[in-house]
Each structure stands twice: as C-alpha cells, then as structure tokens.
Amino acid sequence: MYKIISKRELNPTVTMMDIEAPLVARKAQPGQFIILRVDEDGERIPLTVAGCDKEKGTVKIIFQIVGASTELLNHKNEGDFIQDFVGPLGKATHTEGLRKVAIVGGGVGCAIALPVAQKLHELGCEVHSIIGFRNKDLLILEDEFKAASDKLIIMTDDGSYGEKGVVTEPLKRLIEGGEQYDEVIAIGPLIMMKFVTLTTKPFGIKTIVSMNPIMIDGTGMCGGCRLTVGGKTKFACVDGPEFDGFEVDFDEAMSRGMMYRDFEQEQREHVCNLFKKEVQ
Amino acid sequence: MPNMSLKKNPMPVQDPIERGRNFKEVALGYDEATALDEAARCLNCKNMPCVSGCPVNVHIPAFIAKVRELDFEGAYQVINKSSSLPAVCGRVCPQETQCESKCVRGIKGEAVGIGRLERFVADWHNSHCTEAPQIPEQNGHKVAIVGSGPSGLTCAGDLAKLGYKVTVFEALHLAGGVLVYGIPEFRLPKSIVQKEVDTLKALGVDVETNVVIGKTLTVDELFEMGYEAIFIGSGAGLPRFMGIPGESLKGVYSANEFLTRSNLMKAYKSDSTTPIMHAKKVAVVGGGNVAMDAARTALRMGAEKVYIVYRRSLEELPARKEEVEHAMEEGIEFKLLNNPTRIIGFENPDDRRDPRNGFVTGIECIQMELGEPDASGRRSPVEVPGSEFVLDVDCVIIAIGTSPNPLIKSTTEGLDVNRKGGIVVEEATGLTSREGVYAGGDAVTGAATVILAMGAGKTAAKAIDEYLSNK
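Residues numbered from 1 in each chain as written. Chains lettered and ligands numbered in written order. Predicted model: local features only at pLDDT ≥ 70, side-chain atom pairs only at ≥ 80, totals over all residues. Heavy atoms only, no water.

## Focus: the overall build of chain A
In terms of helices and strands, chain A carries nine helices and 17 strands. Taking 280 residues into account, the globule formula puts the C-alpha radius of gyration at 19 Å, and chain A, at 18 Å, falls close to it. Taken along the three principal axes of its C-alpha coordinates, chain A extends 55 × 40 × 40 Å. A total of 280 residues make up chain A; the buried ones form 56% of that total. (Helix = DSSP H or I, 4+ residues; strand = E, 2+ residues; numbered from the N terminus. Rg over C-alpha atoms; globule rule 2.2 N^0.38 Å. Buried < 20%, exposed > 50% of the residue type's maximum accessible area, 1.4 Å probe, protein only.)

Structural data, given as structure tokens:
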C-alpha cells in the first residue's frame with residue numbers, strides 16, 4: 001500500500017498528488033511513467049511522472065478525471081492509501097547536449113512537460129514553453145512554468161487568458177522569427193502532437209512526442225501499447241514513451257485509443273452514480 | 001495384484017457445451033476410488049523410467065506406492081521433496097511427453113495416469129492439511145529471485161527449504177507470473193496458485209510485488225543490498241506479431257494482452273472494471289497451448305464462433321493433445337494449413353468519424369500445403385497460389401510466441417544474451433556470464449512449458465546452494 005502524502009486540486013478536473021514510494025522516487029526521471037491501481041480489482045493506470053522528491057521519497061502525479069479509475073482516485077484524500085504503485089517505467093527524456101528547446105504542452109499534458117522543462121532549465125538549456133488550454137479555468141502550473149522557462153507563451157482556445165488560438169501558431173511564429181531550436185518536445189493530446197509535428201517538419205526541427213497508449217503491465221509483456229513508428233511495431237512501455245514525432249503514425253494511435261470508449265464512459269457513469277448515492 | 005487394464009482411468013470433466021459457457025475448471029479430478037484403481041496400474045518398476053522423464057525428478061513410483069497404501073499425505077511429502085508446485089504440475093504439465101512417455105505400461109496400452117494421480121494427491125493435501133510448514137533453520141544467506149512465475153517460485157521454494165532467506169521480486173501486483181496472467185482459470189484455478197504462493201510464504205519466503213528489476217532496482221543494486229546470489233526468472237517478453245497489414249486495428253490482441261485482461265485483470269467476471277472485447281467471431285492465430293487458452297477463453301467470454309488458424313497440419317500442432325481435444329469438443333473450429341495474409345478493418349469512405357471505423361471485420365488467409373521436410377525434419381508449409389479467402393471475424397488474437405524482455409539485459413553489465421535475446425546460461429547450473437547471477441525459464445529458452453521452467457529453477461537452486469556453501 002502506498003500513502004497519499006498530499007493532494008491538491010489544480011482545476012476542477014485535474015488533481016495533483018504526492019505518493020509515498022521511495023524506491024520509485026529514487027530513480028524516476030522526467031519522461032518516465034508509473035502504473036498504479038487505486039484498489040483491489042482496480043485497473044492498472046499508467047501516468048507519466050510529474051516530479052519527485054528523492055529525500056521525502058515521494059512521487060508527484062497529476063491526473064485528469066476521465067474515467068472510472070481516475071474518478072475513484074480523485075475520491076482518495078491525504079493520508080489514504082492506494083493499492084499498487086510501480087515504476088519508474090519507460091525511458092527517460094533525452095536531455096544531453098540540448099542548448100535550446102521549445103516545449104509544447106497541451107492540457108493535462110503540461111503536467112508531464114513541466115519536469116522536462118525544469119530539468120532542461122537546470123542543465124542550462126534555453127527553454128521556451130508554449131502551453132495551451134481550452135480556457136482560463138483549466139490553466140495549470142503557470143508559476144512553475146514561468147520559473148522553468150526563458151520564455152513562456154500561454155494559449156487558450158477561447159482567448160479567456162493569454163493569447164487566443166492553438167499552440168502551433170506561436171510555435172510557427174517563433175521558428176519563423178529566427179529562433180533556432182535543437183529540439184521541440186510536444187506533450188499533450190494526440191491531435192495536438194500531430195499538428196506540432198506538421199508545423200515543425202517543414203523546418204526540419206527534430207520533434208519528440210510523448211505517447212500514452214492503452215497499456216496493462218507496462219514492462220514489455222502484453223503488447224497492448226504497440227504503435228507504428230517509422231513503419232515498425234514499437235512498444236511504448238519499453239521503447240518509449242517518447243518517440244520521434246515525424247515517425248509516429250498518429251492516426252492509427254488515435255483510432256486505437258478509442259477502442260474502449262463506450263465501456264469507459266459506462267464505467268465512469270456507474271462510479272459517479274455510486275458516489276452520488278453515498279452522498280444522498 | 002496390479003490392475004492390468006490397458007486404459008487409464010479417464011479424467012472426469014465438465015460437459016463440453018456447459019463448460020464452454022463458464023470459467024470453472026474443466027477437469028474435475030479423480031475421486032479416491034478412481035485414484036486407488038489407477039495407482040494399482042503402476043508396476044513399481046525397479047529402474048523407474050518415468051522419473052527420468054520428469055524435469056524435476058519426482059519419485060513417481062514411491063508416491064504412487066503411498067497412494068496405494070492410502071497414505072495420501074505421505075504421497076504428498078514424496079512429491080514435495082522434488083516439486084514445489086504439485087497442484088500446478090498435476091494440472092498443466094505435458095505428462096504425455098514426459099514421465100508418462102517413459103512408462104512401461106505405455107508400451108502396450110496407456111501409461112499410468114501419473115499427472116492425474118499427482119493432482120489427486122496435491123488436492124487431497126490442500127483440502128486436508130492446514131498446518132503451516134515449519135520454517136527451516138536459517139543459514140544466514142540472502143538470495144534474490146527475479147520473477148514469481150514457475151521457475152522463480154521453484155527456485156525460491158528449494159532455497160527456502162535449505163535455510164536461505166529468499167526474497168522474490170515481482171513486477172506485477174500479484175505473484176504467480178504466467179500461472180496468474182496467462183493460464184486461464186478453467187485450466188488452473190487462481191486459488192490453487194495462491195495456495196502454492198502462501199505455502200512458500202509460510203516457509204519464510206518474502207514476496208515483494210510492484211518491483212521491476214531492471215527499472216525499480218537493478219541486479220547490481222540487489223548485490224549492494226546484501227543478496228549474495230540472484231536468480232533471474234523474468235519470463236517471456238514482448239509478444240511477436242506477424243508483420244501483416246491490419247495488426248493495429250481495433251480488435252487485434254496479442255494472446256498475452258487478451259489473456260492478461262481476462263485472467264490477471266479479471267475481465268472474465270461480469271462486474272469487472274477491465275475492458276475487453278466481447279467478440280462474436282474470433283480468429284486465434286497459432287497452434288500452441290497459449291493459442292488454445294486464448295481460443296477457449298474467447299468462447300467463454302461469449303463468442304459464437306472461434307477459429308484456430310494454424311499454418312501446418314494437426315500433427316504439427318505444438319499444443320498438448322489434451323488441450324486440442326478439449327478445444328475441439330467445445331466446438332472450436334480448426335482452420336489448419338492456413339496462414340493469415342492480412343487483417344481487414346471497417347472503413348466508411350463517406351464518414352471518417354464513423355465509430356465503426358478501424359474495427360476488425362475479417363481476416364484474409366491463404367491455404368498452405370506441406371512441402372519437403374526442412375532442416376528440423378518438419379515439413380514446411382508453402383502457400384497454394386490464388387487460394388486466399390476471408391474469414392468473417394470481429395476479433396483476431398495473435399498467439400505466435402514472444403521475444404525476450406529487454407529490461408534486465410539493458411541494465412545489467414556483463415550479462416550475455418544470445419542472438420534471440422535469451423540470457424546465456426551454463427546448462428548444468430543455470431549460471432550466467434555474471435558471477436552469482438543465475439537464470440532459467442522462458443527468459444533463457446524463449447516460450448516453453450511450466451515444468452521446464454520449474455526444472456531450470458530447481459537446477460539453479462542446487463547450483464546457488466553449492467556456490468554459497470563454498471564461498
């Protein structure tokens with residue numbers, strides 16, 4: 001059992017938790033992920049690490065409430081325990097030798113883009129962050145990004161905060177304005193990552209994306225997380241989760257991501273109804 | 001007087017049609033009278049050919065003699081000296097190609113039902129003996145075991161009985177490895193695996209779940225933590241795919257994924273929170289035990305039609321005969337001498353957002369015929385030109401094997417692997433290219449059987465004991 005040391009709501013659908021897991025905290029690097037189960041018989045949920053405190057032995061996770069399991073997790077509080085927590089899994093973000101990088105985050109993906117930005121910033125790399133949200137209420141981690149970036153651009157779909165528009169617009173503007181990036185790192189919804197790669201490709205700037213496919217064991221056993229990268233089958237859990245964005249078949253990944261959508265919606269409604277009954 | 005019947009006592013089983021709709025165990029086990037009758041067929045041969053056919057050398061005539069004496073616990077103790085998992089072996093070992101293939105009674109008639117008797121004895125023990133085993137006197141040495149599948153559990157059990165302090169590290173949330181994620185409930189009830197794990201814990205073995213060796217901790221860190229020897233039994237790795245078009249469509253599973261969802265993640269229960277496709281028509285590609293398990297699981301999940309697609313003929317099917325027979329009885333259709341060429345998905349050209357897009361609708365296969373025998377002596381299948389046809393299915397499960405897991409190799413310096421990625425070991429000891437590091441099971445051999453993995457765990461336990469006793 002793994003203790004929830006702290007819990008904070010970042011916005012109405014996104015929550016941050018620090019989980020006591022010293023072995024994982026000792027090793028976790030930006031870009032890697034963990035798998036947790038909220039309770040016995042629960043699903044195994046993969047979540048990319050949002051930070052860790054090696055001294056306290058805690059790992060930070062930030063999750064969006066999208067299904068039954070994240071709904072259950074969100075009902076846990078400080079001092080409660082979760083059943084299982086394993087990691088760190090996958091490969092860490094490659095940061096060596098990078099001098100200037102654009103980080104593009106979308107929605108809750110910003111939570112995992114942040115530790116990458118922080119690490120690069122610590123290593124003395126010039127970091128330009130572009131983070132996008134649907135609206136002002138969904139904005140997260142603004143101060144943290146400010147502290148880790150040499151330049152920060154915030155986008156909202158409706159213009160309720162920062163600039164109105166999507167993240168690829170300022171990215172293109174910066175590149176066309178003469179910014180020379182060694183790499184662009186994009187973390188967010190598949191559709192956003194796809195369009196980031198379409199934006200950077202004409203300029204030939206290496207673009208790394210973080211994939212978050214359906215997964216069970218996370219250790220290279222089940223093969224559920226397979227993706228087509230450069231025409232070959234790759235497994236996000238051991239070969240990734242980060243890949244060369246120009247090589248990833250995004251359309252296939254988006255299609256596979258929808259496989260259990262109906263089931264997941266039903267499950268979530270079921271869990272929400274249970275909690276409603278409890279309240280009544 | 002021995003029982004000279006040429007036939008072994010049949011194993012009572014659930015009705016084939018009935019069992020195709022439930023996940024209860026198919027084989028029901030001998031009752032006491034049947035066990036005694038079968039035990040009387042053993043001639044108690046002096047040279048014990050059967051024992052040489054057992055990868056862990058169970059003293060077969062000795063345990064059967066105890067059964068005849070009605071000393072069932074005594075029989076269990078005989079088996080237990082050689083095997084840590086009798087209730088598991090009695091169910092999933094391919095006895096017909098091992099101990100029973102050497103049985104003198106098999107020369108004229110059928111071999112003694114050794115596996116069925118082993119199961120009877122183990123089940124009798126589990127339902128009659130509640131006493132916890134005594135923790136052996138500790139010798140002060142610490143050994144780490146990586147993976148809690150059949151090789152790891154066997155190695156752990158043998159070392160614990162010799163007084164070693166053993167810790168088993170398991171990557172998943174539950175101990176048992178392939179016994180819990182791979183082999184389905186109807187062939188090996190999970191309560192039986194749990195009981196075997198509990199017995200090991202009672203012997204003083206610690207089981208640490210949620211620790212991925214190669215990630216959470218490395219082999220070198222285990223040595224730093226004071227473990228003096230390490231056994232790697234991390235199992236088979238990534239599932240292999242065929243490399244044909246359509247393998248990423250929705251409704252295509254690896255057997256590992258399909259079985260893990262239904263077994264470990266309990267999707268077979270109606271109230272499970274684990275999503276799985278309840279397909280109506282399923283094609284399973286492959287002919288091994290895993291393919292049979294996947295096909296029979298799909299049937300029990302509600303499929304109306306399940307096909308096994310295998311490119312060779314019935315004779316070459318690598319699965320156990322008993323499993324193939326069970327599958328056929330349950331109505332699974334064998335499409336032999338057929339090889340898939342592509343998987344077909346739904347595509348609505350007018351609506352890219354049609355929710356049916358990208359789901360499997362069929363699998364195209366081509367007929368094969370057997371050509372000349374290849375280097376291995378097996379006749380290799382060749383395509384019959386122009387014989388392509390489409391099977392209407394909404395789910396395809398690929399069960400054509402696995403390739404070794406890269407996690408430990410990539411984080412352990414000096415650990416040699418072969419061309420295929422399997423860990424290289426000395427056959428007689430299981431010793432790897434690193435001092436104090438031993439390995440066995442699928443991590444070494446690639447996909448094989450439970451009992452071979454147990455044999456490897458046993459070999460390594462003996463070698464580790466010798467290594468640490470002389471250190």
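## Re the overall build of chain B
Counting its regular elements, chain B contains 17 helices and 16 strands. Over its C-alpha trace chain B gives a radius of gyration of 23 Å, about what one expects of a compact globule, namely 23 Å for 471 residues. With the C-alpha coordinates of chain B rotated into their principal frame, the extents come out at 75 × 60 × 50 Å. Of the roughly 19700 Å² of accessible surface on chain B, 51% is carried by carbon and sulfur atoms. Mean positive and mean negative side-chain charge positions of chain B (52 and 61 charges, respectively) differ by 2 Å. (Areas by Shrake-Rupley, 256 points an atom, 1.4 Å probe, with all protein chains shown as cover. Lys, Arg positive; Asp, Glu negative; His and termini not counted. Charge placed at Lys NZ, Arg CZ, Asp CG, Glu CD.)

## Some points on the interface of chain B and chain A
Taken together, the contact pairs 44 residues of chain B with 42 residues of chain A. Taking both partners together, chain B and chain A bury about 3500 Å²; carbon and sulfur atoms supply 56% of that area. For chain B, the biggest contributors to the area lost against chain A are Asn210(B), Lys215(B) and Ser248(B); these three give 17% of the whole. Run the count over chain B and chain A and you get three salt bridges. Between Asp41(A) and Lys266(B) there is a salt bridge, with its nearest N and O atoms 2.8 Å apart. Where chain B touches chain A, the interface holds 22 residue pairs in polar contact (both at pLDDT 80 or more). Residue contributions to the side of chain B that touches chain A peak at four residues, all from helix H12 (residues 255–262) of chain B. For the side of chain B that touches chain A, the class distribution of residues is 20 nonpolar, 17 polar and seven charged. (Contact = heavy atoms within 4.5 Å. Buried area = accessible area lost by both parts, 1.4 Å probe. Salt bridge = Lys/Arg side-chain N within 4 Å of Asp/Glu carboxyl O. Polar contact = N/O pair within 3.5 Å; in protein donor to acceptor, adjacent residues only side chain to side chain. Nonpolar A, V, L, I, M, F, W, Y, C, P; charged D, E, K, R; others polar.)

## A closer look at helix H5 (residues 72–82) of chain B
Residue and element names in this part refer to chain B. Among the eleven residues that make up H5, eight are buried, leaving the element largely enclosed by the rest of the structure. For H5, every residue scored as buried is listed here: Phe 72, Gly 74, Ala 75, Tyr 76, Val 78, Ile 79, Asn 80 and Ser 82. Residues of H5 that are buried in the fold lie against helix H2 (32–39), helix H4 (60–68), helix H6 (86–92), helix H7 (114–128), helix H8 (150–161) and helix H17 (450–469).

## Quick notes on the sheet that holds strand S2 (residues 14–20) of chain A
All names here are of chain A. One open sheet accounts for five strands, arranged S5-S6-S2-S1-S7; its pairing is antiparallel. One side of each edge strand has no neighbouring strand; the edge strands of this open sheet are strand S5 (51–53) and strand S7 (81–82). With three bridges joining them, S5 and strand S6 (residues 58–64) adopt antiparallel strand pairing. Each bridged residue has a counterpart across the sheet, and for Cys 52 the counterpart in S6 is Val 59. (Pairing = 2+ DSSP bridges.)

## Points about the packing of aromatic side chains
All names here are of chain B. Applying the stated criterion across every chain, the model contains nine aromatic pairs over all chains. Look at Phe 23 and Phe 186: their rings are 6.2 Å apart centre to centre, the planes differ by 55°, and that puts the pair in the tilted class. Here Phe 23 is found in the loop between helix H1 (16–19) and H2, whereas its partner Phe 186 is found in the loop between helix H9 (178–181) and helix H10 (190–202), with 163 residues between them in sequence. Overall, Phe 186 belongs to the buried group, its relative accessible area being 1%. Put simply, the rings of Phe 23, Phe 186 and Tyr 268 pair up and form one aromatic cluster. Over the aromatic face of Tyr 227 sits the side chain of Lys 142, whose NZ or CZ is 4.6 Å from the ring centroid. Lying over the aromatic face of Phe 186, Arg 300 brings its terminal NZ or CZ to 3.9 Å of the ring centre. (Phe/Tyr/Trp six-rings, centres within 6.5 Å; stacked < 30°, edge-to-face > 60°. Lys NZ or Arg CZ within 6 Å of the ring centre and 35° of its normal.)

## Things to note about the nonpolar core
Counting 73 residues, the largest nonpolar core has Ile60(B) and Phe63(B) as its most contacted members. The dominant element in this core, judged by the number of residues it contributes, is H17(B), at nine residues. Those residues in contact with Ile60(B) that lie beyond four places of it in its chain are Cys50(B), Val51(B), Cys54(B), Cys99(B) and Ile114(B). Residues Met193(A), Ile205(A), Val238(A) and Ala253(A) belong to the second largest nonpolar core, which totals 54 residues. (Core = buried A, V, L, I, M, F, W, Y, C linked by side-chain atoms within 4.5 Å.)

## Quick word on the side chain of Ser83(B)
Residue and element names in this part refer to chain B. In this structure, Ser 83 sits in the loop between H5 and H6. Its relative accessible area of 0% is what places Ser 83 among the buried residues. At a separation of 3.2 Å, a polar atom in the side chain of Ser 83 contacts the main-chain amide nitrogen of Leu 85. Setting aside residues up to four positions removed in sequence, Ser 83 forms contacts with Val 56, Val 58, Cys 89, Glu 118, Met 454 and Lys 458.

## Some remarks on the pairing of S6(A)
All names here are of chain A. Counting buried residues in S6 gives five out of seven residues, a clear majority hidden from the surface. Here S2 pairs with S6 via seven bridges, running antiparallel. Looking at the pairing, Met 16 lines up with Ile 62 of S6.

## A few points about the state of the cysteines
As enumerated under the stated definition, the model contains zero disulfides over all chains in all. Residue Cys395(B) stays outside any disulfide, its sulfur separated by 14 Å from that of Cys365(B), the closest cysteine. (Disulfide = S-S within 2.5 Å.)

## Here's the deal with the packing of H12(B) against helix H13 (residues 289–300) of chain B
Describing two packed helices takes the angle between their axes plus the distance from one axis to the other. All names here are of chain B. It is the contact of H12 with H13, at a shortest axis distance of 10 Å, that shows an interaxial angle of 50°. As judged from the angle between their axes, H12 and H13 are oblique. Considering the relative orientation of H12 and H13, their crossing is left-handed. Contacts from Ala 255, Phe 258, Leu 259 and Ser 262 in H12 reach Val 290, Asp 293, Ala 294, Thr 297 and Ala 298 in H13. Class assignment of the residues belonging to the contact of H12 with H13 gives a composition of six nonpolar, two polar and one charged. (Axes fitted to C-alpha atoms, helices over the stretch in contact; angles between N-to-C directions. Parallel < 35°, antiparallel > 145°, perpendicular 65-115°, else oblique. Left-handed = near helix turned anticlockwise from the far one by under 90°.)

## Comments concerning the confidence of the model for chain B
This prediction gives chain B a mean pLDDT of 93; 100% of its residues lie at or above 70. For this predicted complex, the interface confidence score (ipTM) comes to 0.91, while the overall pTM stands at 0.93. (pLDDT = per-residue confidence, 0-100.)

## Quick notes on a nonpolar patch on the surface
Residues and elements named next belong to chain B. Residues Met 4, Leu 43, Val 104 and Ile 107 make up a contiguous nonpolar surface patch of roughly 390 Å² in combined accessible area. Relative to the helices and strands, Val 104 resides in the loop between H6 and H7. Owing to a relative accessible area of 33%, Val 104 belongs among the partly exposed residues under this scheme. (Patch = residues over 30% accessible without salt bridge, like charges linked within 9 Å, V, L, I, M, F, W, Y side chains within 5 Å.)

## Comments concerning the sheet that holds strand S2 (residues 165–169) of chain B
Hydrogen bonding along the main chain pairs the strands of a sheet, whether they run parallel or antiparallel. Residue and element names in this part refer to chain B. Pairing is parallel across the open sheet formed by five strands, whose spatial order is S3-S2-S1-S4-S16. Two strands lie at the open edges of the sheet, namely strand S3 (206–208) and strand S16 (437–439), each paired on one side alone. Averaged over all pairs of adjacent strands, the angle between strand axes in this sheet comes to 20°, irrespective of strand direction. One ladder, built from four bridges, connects strand S1 (residues 142–146) with strand S4 (residues 229–232); its direction is parallel.

## Some remarks on H8(B)
All names here are of chain B. The terminal C-alpha atoms of H8 lie 17 Å apart, and with twelve residues this matches the ideal 16 Å at 1.5 Å per residue to within 8%. The buried count for H8 comes to eleven of twelve residues, which makes it a mostly enclosed element. Looking at the buried residues of H8, the elements they touch are S1, S2, H9, H10, S4 and H17. Note on H8: the residue one or two positions beyond its end, Gly 163, has a positive phi of about 100°. (Expected span 1.5 Å × (residues − 1).)

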